[in-house]
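Understanding the architecture of this molecule
Each chain, written out:
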Amino acid sequence: MVFKGVSHTADVYWDGCLLGRHYNAYTPFTFVLPEVEAGEHEIAVLVDNSFHEESALHIPNDYYSYGGIIRPAAVEEIADLFIERMAFTPLYTEVGWSGRIDVVLRNTSEERRNARLHGKLGEWDVPFAEGVIVPPDATRKVSVTVPFPQAAAWSASEPQLYPLEAQLFNDDGNRVLDDLIERVGFRTVSTEGGQLKVNGEPVVLKGFNRHEDHPLCGAAIPYPLMVHDMELMLDMGANAVRTSHYPNDERFLDLCDERGIFVWEENHARGFSLKDMQHPLFERQCEDCNREMVEAHINHPSIIIWAILNECASDTMEGREMYRKQFDQIRSMDTSRPLSFASHHRERELCFDLADIVSVNLYPLWYGEEDPYELCLQARKWADDAGGKDKPMIMSEFGADGFYGYRDPSRVKGTEERQADIIQANLEAYLPLPFLSGMLIWQFCDCRVTEADGWLLTRAGTQNSKGVVDRYRRPKLAYSVVKDYFSRRNADS
């Protein structure tokens, strides 16, 4: 049984018996039932999106965690030896492209299994070892590195994708036990010379932070509405999206792969104080989220940055140790992408030396009257002094509230006019700066937030209204401003 996303905690039952529990709305999970008898069975999923003491990541926040099965689910019939997952890592040397392919086989039986693997990438054969032995009730990873000198690169302008197929045969090679097809692309990501580079060429990310939220369907967004979001962002000239603040639906990532949109994907953790991070389950739940995020989405070439812990306690020594552990965990799983996190601690930041890219959330002209250009220069100095010298820098959040339909010549805060002015001033300041490798507007669309006391009371209408489009995707005045600036930069480059 495959679940792509259940919000927020799921207890799964089979014929009244508990199979297990999964925590986290935004990562996939599976349960394997051996030797199921033919006939009628009952699957029950008990879903809980309440805030409770066993939840470290799911707390009242600046977005809304809808309850229910929010992403696709499926039932698959498999043999007791099957392909659990597959990972592709592109490599480039002076002789051209190659790729490392890791296939994880799982044996659910109580006997040792012998099998053979066959593979293809596009029209090219993948030569796995002749025979594979998998111990009982265990997994085994089979790895091979293969040259693909004729492969074309994946890029924003030419998002070339290839099907990667692995077939698992029995020991005699005359019966297919299982197969798995992933879609992959050949591209490299680096941070050489203080620039974010894809395939050795500098790129500047111009795009949005996006929440999976829609008034018609909550977080269970159907494919046509995902396409609509993509078309709006492309129309504005965007080339990047940040999956704030959780791993996204793989169908949206598929769209990014196909349309050449760069993706910053991050784990599910936003705005935690040190006290929040010292919750006894915090580190384990983050570790589970990181593992499931990377294992599920590693094959998407559009993802060029992994990120963690947005606006958490990275200004404390205790928090720094947690950041270090999570970066180490992700690097142990994937070394092909740089790592980052979004900080709002200014000169108090202690973790920029741990990341490959320094990223800052700043809201000049909205939460304060600072000049965007001067503040960005100051942020660069803070980053340099805190261990981020010679690293690429991204303005990971900036923006302003604009209530859809509230237009007034006074241009007071909250009007569409004032929001457009503030975003224009920010883009005017950031686009010419040579040390910036990206600017991500907060945010693409308005989103619902948790109804609660404290600072959440400042969210009028129980929503974050900093979207360039509203919750129904109706453009605000800022839409045209963004389109003008992003398109102008595209034309210049």
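Reading guide: rules and limits
Throughout, a residue's number is its position along its own chain's written sequence, starting from 1. Under the rules for a predicted model, residues below a pLDDT of 70 receive no local features and side-chain atom pairs below 80 are neither given nor counted, while totals for whole chains, interfaces and linings still include all residues. Only hydrogens and water are set aside; all other atoms, that is, all heavy atoms of the structure, feed into the side-chain values. UniProt positions are given in the numbering used here, feature names are shortened, and annotations may be inferred rather than shown by experiment. Note on aromatic contacts: the rings of Phe and Tyr and the six-membered ring of Trp form a pair at centre separations within 6.5 Å, being stacked when their planes are under 30 degrees apart, edge-to-face when over 60 apart, and tilted otherwise. Working definition: helices are DSSP H or I runs of at least four residues, strands are E runs of at least two. Numbering for both runs from the N terminus. Working definition: with a 1.4 Å probe on protein chains only, accessible area under 20% of the residue-type maximum means buried, over 50% means exposed, and in between means partly exposed. Working rule: Lys NZ or Arg CZ, within 6 Å of ring centre, within 35 degrees of ring normal, means a charge sits over the ring. To estimate how far a helix should reach, multiply one less than its number of residues by 1.5 Å. Directions from the helix axis toward the C-beta atoms define the arc. Any two residues having at least one pair of non-hydrogen atoms within 4.5 Å are treated as being in contact. A pair of strands counts as paired when DSSP detects no fewer than two bridges linking them. Counted as salt bridges are all cases of a side-chain nitrogen of Lys or Arg within 4 Å of a carboxyl oxygen of Asp or Glu.

Looking at an unreviewed UniProt entry, one finds the protein chain named Beta-glucuronidase and attributed to Paenibacillus allorhizoplanae. The Sequence similarities (unreviewed entry) field of the UniProt record for the protein chain holds the comment "Belongs to the glycosyl hydrolase 2 family."

Let us now look at the packing of aromatic side chains. Evaluated as defined, the whole model comprises 22 aromatic pairs. Ring geometry for tryptophan 154 versus phenylalanine 262: centroids 6.1 Å apart, planes at 70 degrees, classification edge-to-face. One end of the pair, tryptophan 154, is in the loop between β14 (138–147) and β15 (162–170); the other, phenylalanine 262, is in strand β22 (residues 262–266), with 108 residues separating them in the sequence. For tryptophan 154, a relative accessible area of 0% translates into the label buried. Residue phenylalanine 262 is classed as buried on the basis of its relative accessible area of 4%. In this arrangement the basic side chain of arginine 210 is found over the ring face of phenylalanine 252, its NZ or CZ atom lying 3.9 Å from the centre. Note that lysine 413 overlies the ring of tryptophan 366, its terminal NZ or CZ placed 5.0 Å from the centroid.

Take helix α5 (residues 317–333) next. An ideal rise of 1.5 Å per residue puts 24 Å on 17 residues; α5 measures up with 25 Å between its terminal C-alpha atoms. For α5, the set of buried residues is Gly319, Met322, Tyr323, Gln326, Phe327, Gln329 and Ile330. The buried residues of α5 occupy one face: seen down the axis, they fall within an arc of 155 degrees. Opposite the buried face of α5, at more than 90 degrees from it, the exposed residues are Met317 and Ser332. In this fold, the buried residues of α5 make contact with α3 (274–277), α4 (282–297), β23 (303–307) and β24 (339–343).

Spatial ordering of the open sheet is given by β17-β18-β19, a layout of three strands whose pairing is antiparallel. Edge positions in the open sheet fall to β17 (189–190) and β19 (201–202), since each of these has one partner strand only.

Topologically, glutamate 54 is positioned in the loop between β6 (43–48) and β7 (68–69). As a C-alpha pair, glutamate 54 and proline 280 span 226 residues in sequence and 8.7 Å in three-dimensional space. Contacts of glutamate 54, omitting those with residues within four sequence positions, involve Arg21, His279, Leu281 and Gln285.

Turning our eyes to something else, we now look at unusual backbone geometry. The peptide bond linking serine 7 to histidine 8 adopts the cis configuration, its omega dihedral lying at 5 degrees. Here histidine 8 shows up in the loop between β2 (6–7) and β3 (9–14). Following tryptophan 442, the chain continues into glutamine 443 via a peptide bond in cis, with omega recorded as 0 degrees. Residue placement: glutamine 443 occurs in the loop between β27 (436–441) and β28 (447–448). The backbone of glutamate 311 shows a phi angle near 50 degrees, a positive value even though the residue is not glycine. Structurally, the position occupied by glutamate 311 is in the loop between β23 and α5.

Next up on the list: the pairing of strand β21 (residues 240–243). Side chains of β21 alternate between two faces, with Ala240 and Arg242 and Val241 and Thr243 buried alike. Direction of pairing for strand β20 (residues 205–209) relative to β21: parallel, over a ladder of three bridges. Residue pairing across strands places phenylalanine 208 opposite valine 241, the latter belonging to β21. Summarising the sheet, β21 and β22 pair through four bridges and their orientation is parallel. Looking at the pairing, threonine 243 lines up with glutamate 265 of β22.

Considering all chains together, one arrives at 38 salt bridges under this definition. The shortest N-O distance in the salt bridge between arginine 380 and aspartate 384 comes to 3.0 Å. Here aspartate 384 and arginine 380 lie together in helix α6 (residues 372–388), a separation of four residues that amounts to about one turn. Taking the relative accessible area as the measure of exposure, arginine 380 reaches 10% and is therefore buried. Assessed through its relative accessible area of 24%, aspartate 384 is described here as partly exposed. Residue lysine 476 pairs with aspartate 446 through a salt bridge whose shortest N-O separation is 2.9 Å. Of this pair, lysine 476 sits in the loop between β29 (463–464) and α8 (477–492) while aspartate 446 sits in the loop between β27 and β28; the two residues are 30 residues apart in sequence, bridging distant segments of the chain. Judged by its relative accessible area of 3%, lysine 476 is buried. Exposure remark for aspartate 446: the relative accessible area of 1% places this residue in the buried category. The structure contains a network of salt bridges with shared partners spanning Glu84, Arg85, Arg106 and Glu295.

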